[in-house]
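Chain by chain, the residues run as shown.
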Amino acid sequence: MGLVSTASDNVVPFRRPVKTPAAVLGDGVREGQIRRRSEQRSLMDAVYAGGSLLVAAEDRETKVTASRLQVYGFLGIEEVLEDGARRRLRPSESVRAKGDRPWRLTKPAFGAMAVTIPSIDDFLFEPAGHRA
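The rules behind each value
Residues numbered from 1 in each chain as written. Predicted model: local features only at pLDDT ≥ 70, side-chain atom pairs only at ≥ 80, totals over all residues. Heavy atoms only, no water. Helix = DSSP H or I, 4+ residues; strand = E, 2+ residues; numbered from the N terminus. Contact = heavy atoms within 4.5 Å. Areas by Shrake-Rupley, 256 points an atom, 1.4 Å probe, with all protein chains shown as cover. Salt bridge = Lys/Arg side-chain N within 4 Å of Asp/Glu carboxyl O. Buried < 20%, exposed > 50% of the residue type's maximum accessible area, 1.4 Å probe, protein only. Patch = residues over 30% accessible without salt bridge, like charges linked within 9 Å, V, L, I, M, F, W, Y side chains within 5 Å. Lys, Arg positive; Asp, Glu negative; His and termini not counted. Charge placed at Lys NZ, Arg CZ, Asp CG, Glu CD. Pairing = 2+ DSSP bridges. Axes fitted to C-alpha atoms, helices over the stretch in contact; angles between N-to-C directions.

Draft legend 1. Spatial organisation of the overall build of the chain. Looking only at helices and strands, the chain has four helices and four strands in total. Within the chain, counting contacts between residues at least 6 apart in sequence, those at least 24 apart form 57% of the total. Taken as a whole, the chain presents about 10,800 Å² of accessible surface, with 56% of it coming from carbon and sulfur.

Spelled out as structure tokens, the structure:
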């Protein structure tokens, strides 16, 4: 039997680079990413804590952040109509929404998909017990 060496002379330790203010804030990309994540987290915390949140019609930045979160299924978005009624927006509608109406942000329904898949003429889904 051969002798197995337990020496770790071929192991290179993983060292993280020292973060300098220039590396973190140098090109602005990382700063922007950090700010976006913080905004998304803050918005989700506000909606989840209160159950819902009203967004003013002209608050474009909050609407953009909310539409990103809706695409991934973290929020539900309803448009508040003139008579006070609400209409649920699909992700494609919320991304292109104009600033003319306020929104109501809610927690998503449990088990609901962010993007629905329509069943057209049973093309995608077969009835139970039916084989092609």
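Now, onward.
Draft legend 2. Geometry of the pattern of salt bridges. What the rule picks out here adds up to seven salt bridges. Across the salt bridge formed by Arg 86 and Glu 78, the nearest N and O atoms sit 3.0 Å from each other. What makes Glu 78 buried here is its relative accessible area of 14%. A salt bridge links Arg 101 to Glu 82; its shortest N-O distance comes to 3.8 Å. Residue Arg 101 is located in the loop between helix H4 (91–95) and strand S4 (103–106), and its partner Glu 82 is located in the loop between strand S2 (76–80) and strand S3 (86–88); the two are separated by 19 residues in the primary sequence. By sharing partners, the salt bridges in this structure join Glu 79, Glu 82, Arg 87, Arg 90, Glu 93 and Arg 101 into a single network.

Draft legend 3. The arrangement of a nonpolar patch on the surface in detail. A cluster of nonpolar residues, Tyr 48, Val 71, Tyr 72, Phe 74 and Val 95, forms a patch on the protein surface that exposes about 490 Å² of accessible area. Locating Val 95 in the fold gives a position in helix H4. Exposure remark for Val 95: the relative accessible area of 46% places this residue in the partly exposed category.

Draft legend 4. Structural context of the environment of Thr 65. The residue Thr 65 is located in helix H3 (residues 60–71) in this model. Judged by relative accessible area, which is 6%, Thr 65 ranks as buried. As for Thr 65 and Gln 40, which are separated by 25 residues in sequence, their C-alpha atoms are 6.2 Å apart. Residue contacts for Thr 65: discarding those within four places in its chain leaves Glu 39, Gln 40 and Leu 43.

Draft legend 5. Highlighting a positive patch on the surface. Taken together, Arg 36, Arg 37, Arg 41 and Arg 68 make up a surface patch of like positive charges. Broken down by element, the positive patch gets its largest block of residues, three residues, from helix H2 (residues 29–50). Along the chain, Arg 36 falls in helix H2. What makes Arg 36 partly exposed here is its relative accessible area of 37%.

Draft legend 6. How the structure looks around the sheet that holds S2. In space, the four strands of this open sheet follow the order S1-S4-S2-S3, with antiparallel pairing throughout. Both outer strands of the open sheet, strand S1 (52–55) and S3, are each paired with one neighbouring strand and no more. The sheet shows a mean angle of 30° between the axes of neighbouring strands, taken without regard to direction. The sheet contact formed by S2 and S3 spans three bridges and is antiparallel. Along S3, the bridge assignment pairs Glu 78 with Arg 88.

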